[in-house]
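One letter stands for each residue in the lines below.
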Amino acid sequence: MSKTMRLIYPQWQGGIIDRWIPELSYEDSSRGYYLGAKLLNMLAQENEDHKIEEVPVSLDIRDRKIKNGIIDYDFILKQTNDCLDILNKNNPDKIIVFGGECSVSVVPFTFLNKKYDNDVAVIWIDAHPDITLPSDNTYAGYHAMALAACMGYGDEYIISNLPSKIDTSKVLLLGLRDWEREEIKLRQKEYNIKHLSPNEISCDKILEWLNNCNASKVAIHLDLDVLDPAEIIAAVGVSPNGMKIDEVIKAINFISEKKELVGLTIAEHLPRIEIMIKNLINSLPLIKK
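Rules of the game
- Residues numbered from 1 in each chain as written.
- Predicted model: local features only at pLDDT ≥ 70, side-chain atom pairs only at ≥ 80, totals over all residues.
- Heavy atoms only, no water.
- Buried < 20%, exposed > 50% of the residue type's maximum accessible area, 1.4 Å probe, protein only.
- Helix = DSSP H or I, 4+ residues; strand = E, 2+ residues; numbered from the N terminus.
- Pairing = 2+ DSSP bridges.
- Salt bridge = Lys/Arg side-chain N within 4 Å of Asp/Glu carboxyl O.
- Axes fitted to C-alpha atoms, helices over the stretch in contact; angles between N-to-C directions.
- Contact = heavy atoms within 4.5 Å.
- Arc of directions from axis to C-beta.
- Core = buried A, V, L, I, M, F, W, Y, C linked by side-chain atoms within 4.5 Å.

**Remarks on the pairing of strand β6 (residues 120-125)**
Stage number 1. Counting buried positions along β6 gives 6 out of 6 residues, so the element sits mostly inside the fold.
Stage number 2. Neither face of β6 is exposed, since Val120, Val122 and Trp124 on one face and Ala121, Ile123 and Ile125 on the opposite face are all buried.
Stage number 3. Bridge analysis of β6 against strand β9 (residues 217-223) gives 6 bridges, and the strand direction is parallel. Along β9, the bridge assignment pairs isoleucine 123 with isoleucine 220.
Stage number 4. Bridge count between β6 and strand β7 (residues 171-174): 4 bridges; the pairing is parallel.

Following this line, the structure appears as structure tokens:
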């Protein structure tokens, strides 16, 4: 029987997001992904056949330092290795990841790629391509470097700790509509990563790519900022004209019908309302310390 693991990975350190969420304090916005990961796990339908593991994630926010072009580098490195230890110990066949910011896919996807001898394609459903490099010296958030790290680009020491590198020819970006910087567009072309913007996505185009990707298995990363903010705001990013919820569901189910789905990440949930309610509750008598 195939072993499926649910991995709660509430890593928040890869984001520098407080400027985009002025309604929350610096601490609450920065660590919002931590609560987001926990809530995603709570909302998911229970399955007694799934083993649940959680990557221990520090909540220390006292001194967020940039090292080697990455904020909170030492925390991310430790949590990367802790995640890898969990996966090596359990050796799951399939992994569901509840994150956390986007870098929570890096260890699970490279683990699966090694397990299946480079027979895994990655479909990255995201408003952004996440191929920033630490050397760009523009944005030090590791979540914007997540897909690059999966492909073996980025900090040399972190990359050396990862189980494998996923070939760029086996990566497809779905829902991409915000490159943020011109150099990212150029890098995508340099790496030869295919993409479909929200208005280009169709089952026929996805199937064409799947038939040419030279992999029998697939890992899907879903960043909730791919969703159209006119329908729902579930993440930090609010780039207009995104994918509708039904379109995301249709695409992922279609992909899983054509290839064996071995990895599925849901990431970047920033629960603004729940954080505000938490603060309200914890300010009330009999509850507050």
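**Here's the deal with the pattern of salt bridges**
Oppositely charged side chains may form a pair once their charged atoms are brought near each other.
Stage number 1. On inspection of all chains with the given rule, the structure shows 17 salt bridges.
Stage number 2. Note that lysine 65 is salt-bridged to aspartate 63, the shortest N-O span being 3.7 Å.
Stage number 3. Classification of lysine 65 as exposed rests on a relative accessible area of 54%.
Stage number 4. Given a relative accessible area of 49%, aspartate 63 falls into the partly exposed group.
Stage number 5. For aspartate 72, the salt bridge identified is with arginine 64, shortest N-O distance 2.8 Å. Per residue, the accessibility class of aspartate 72 equals that of arginine 64, and both read buried.
Stage number 6. Linked through salt bridges whose partners overlap, the residues forming this network are Lys94, Asp119, Lys217 and Glu260.

**Section: the sheet that holds strand β1 (residues 4-9)**
Stage number 1. Strand order in the open sheet formed by 8 strands is β2-β1-β5-β10-β9-β6-β7-β8, and the pairing between neighbours is parallel. Looking at the sheet topology across the chains shown, the edges are occupied by β2 (50-54) and β8 (194-196). In this sheet, neighbouring strand axes are inclined to one another by 20 degrees on average, regardless of whether the strands run parallel or antiparallel.
Stage number 2. One ladder, built from 4 bridges, connects strand β5 (residues 94-99) with strand β10 (residues 260-267); its direction is parallel. The partner of phenylalanine 98 across the bridge, within β10, is isoleucine 266.
Stage number 3. Set on the sheet, helix α3 (residues 73-90) makes contact with β1, β2 and β5; between it and β1 the angle comes to about 165 degrees.

**Topic: helix α7 (residues 182-191)**
Stage number 1. For α7, every residue scored as buried is listed here: Ile184, Arg187, Gln188 and Tyr191. Projected down its long axis, α7 carries its buried residues within an arc of 100 degrees, all on one side. Those residues of α7 that are exposed and angled more than 90 degrees off the buried face are Glu182, Leu186, Lys189 and Glu190.
Stage number 2. Close packing links the buried residues of α7 with β7 and β8.

**Some details on the nonpolar core**
Stage number 1. Leu7, Tyr9, Leu87, Trp124, Tyr142, Leu147 and Leu270 are the most contacted members of the largest nonpolar core, which totals 60 residues.
Stage number 2. Ranked by the residues each element gives to this core, the list is headed by α3, at 7 residues.
Stage number 3. Residues in contact with tyrosine 9, not counting those within four places in the same chain, are Ala37, Val55, Val57, Gln79, Thr80, Cys83, Val97, Phe98, Gly99, Gly100 and Val104.
Stage number 4. Judged by nonpolar contacts, the second largest core, of 29 residues, contains Ile125, Leu224, Leu227 and Ala251.

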